[in-house]
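Structural overview
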Amino acid sequence: QVQLVESGGGLVQAGGSLRLSCAASVSIFSINAMGWYRQAPGKQRELVAVVANGGRTNYADSVKGRFTISKDNARNTVYLQMNSLKPEDTAVYYCNTGTWIGTYFPSNNWGQGTQVTVSS
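Here goes a summary of the coordinates provided. Here the structure is a predicted model, which means the values were calculated and not measured.

1. Some details on the nonpolar core
Grouped together as the largest cluster of nonpolar side chains are 29 residues, with contacts concentrated most on Trp36, Leu80, Met82 and Tyr93. Where this core is concerned, the elements lending two or more residues are strand 3 (18-24), strand 4 (33-39), strand 5 (46-52), strand 7 (67-72), strand 8 (77-82), strand 9 (91-101) and strand 11 (114-119). If you tally residues by element for this core, the top one is strand 3, at 4 residues. The contacts of leucine 80, once residues within four sequence positions are left out, are Leu18, Arg19, Leu20, Trp36, Val48, Ala49, Phe67, Thr68, Ile69 and Tyr93. By size, the runner-up hydrophobic cluster in this structure holds 6 residues, among which are Tyr37, Ala52, Trp100 and Tyr104.

2. Section: the pattern of salt bridges
A side chain with one charge may pair with a side chain of the opposite charge, provided their charged atoms come close. Considering all chains together, one arrives at 5 salt bridges under this definition. Where arginine 38 meets glutamate 46, a salt bridge forms, and the shortest distance between an N and an O atom there is 2.6 Å. The class for arginine 38 is buried, based on a relative accessible area of 6%. For lysine 64, the salt bridge identified is with aspartate 61, shortest N-O distance 3.2 Å. Several salt bridges converge on common partners, so that one network encompasses Arg38, Glu46, Arg66 and Asp89.

3. Things to note about the pairing of strand 10 (residues 103-110)
Within a regular strand, side chains alternate between the sheet's two faces. Relative to strand 10, strand 9 is paired through 5 bridges, and the arrangement is antiparallel. Paired with tryptophan 100 across the bridge in strand 10 is tyrosine 104. Turn length for the strand 9-strand 10 hairpin, with the two strands adjacent in sequence and antiparallel, is 1 residue, and the turn residue glycine 102 shows positive phi of about 80°.

4. Looking at the packing of aromatic side chains
One pass over the full model with this rule turns up 3 aromatic pairs. Ring plane angle 70° and centroid distance 4.9 Å describe the contact between tyrosine 37 and tryptophan 110, whose orientation is recorded as edge-to-face. Residue tyrosine 37 is found in strand 4, and its partner tryptophan 110 is found in strand 10; the two are separated by 73 residues along the sequence. Centroid distance tyrosine 94 to tryptophan 110: 6.4 Å. Interplanar angle 90°. Geometry classified as edge-to-face. Separated by 16 residues along the polypeptide, tyrosine 94 in strand 9 and tryptophan 110 in strand 10 bring together distant segments of the chain. Each residue in the set Tyr37, Tyr94, Tyr104 and Trp110 is aromatic and connected to the rest through ring pairs, giving one cluster. The ring of tryptophan 110 is capped by arginine 45, whose NZ or CZ atom sits 4.6 Å from the centre of that ring. Of note, arginine 56 hangs over the ring of tryptophan 100, and the distance from its end group to the ring centre comes to 3.9 Å.

What counts and what doesn't
Residues numbered from 1 in each chain as written. Predicted model: local features only at pLDDT ≥ 70, side-chain atom pairs only at ≥ 80, totals over all residues. Heavy atoms only, no water. Core = buried A, V, L, I, M, F, W, Y, C linked by side-chain atoms within 4.5 Å. Buried < 20%, exposed > 50% of the residue type's maximum accessible area, 1.4 Å probe, protein only. Helix = DSSP H or I, 4+ residues; strand = E, 2+ residues; numbered from the N terminus. Contact = heavy atoms within 4.5 Å. Salt bridge = Lys/Arg side-chain N within 4 Å of Asp/Glu carboxyl O. Pairing = 2+ DSSP bridges. Phe/Tyr/Trp six-rings, centres within 6.5 Å; stacked < 30°, edge-to-face > 60°. Lys NZ or Arg CZ within 6 Å of the ring centre and 35° of its normal.

Below, the structure written as structure tokens:
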């Protein structure tokens, strides 16, 4: 079982930036893909961004051009740089390991989440 620990959340004003980190307990070099999800109160968890082991990325339409996912294999860490934040980005953000074959298929490996709150 891979352990994932997210950090970097907080309270920020609209238009601001945050960088989330997800540290894995194992090498992420051979993991097919990793994703960032978010869940706002009363809403379903949604996929925000995915990065494949080769570096290919994909984003939800709602964050394209504002968020950037990246990974550092040497640190076994995946990042989510979030710029131009909006109040609707407020949610608990989770990272996940998975498989990306056309569609991203999440595994059961989830972190505890990190809260992001964007004030207007």
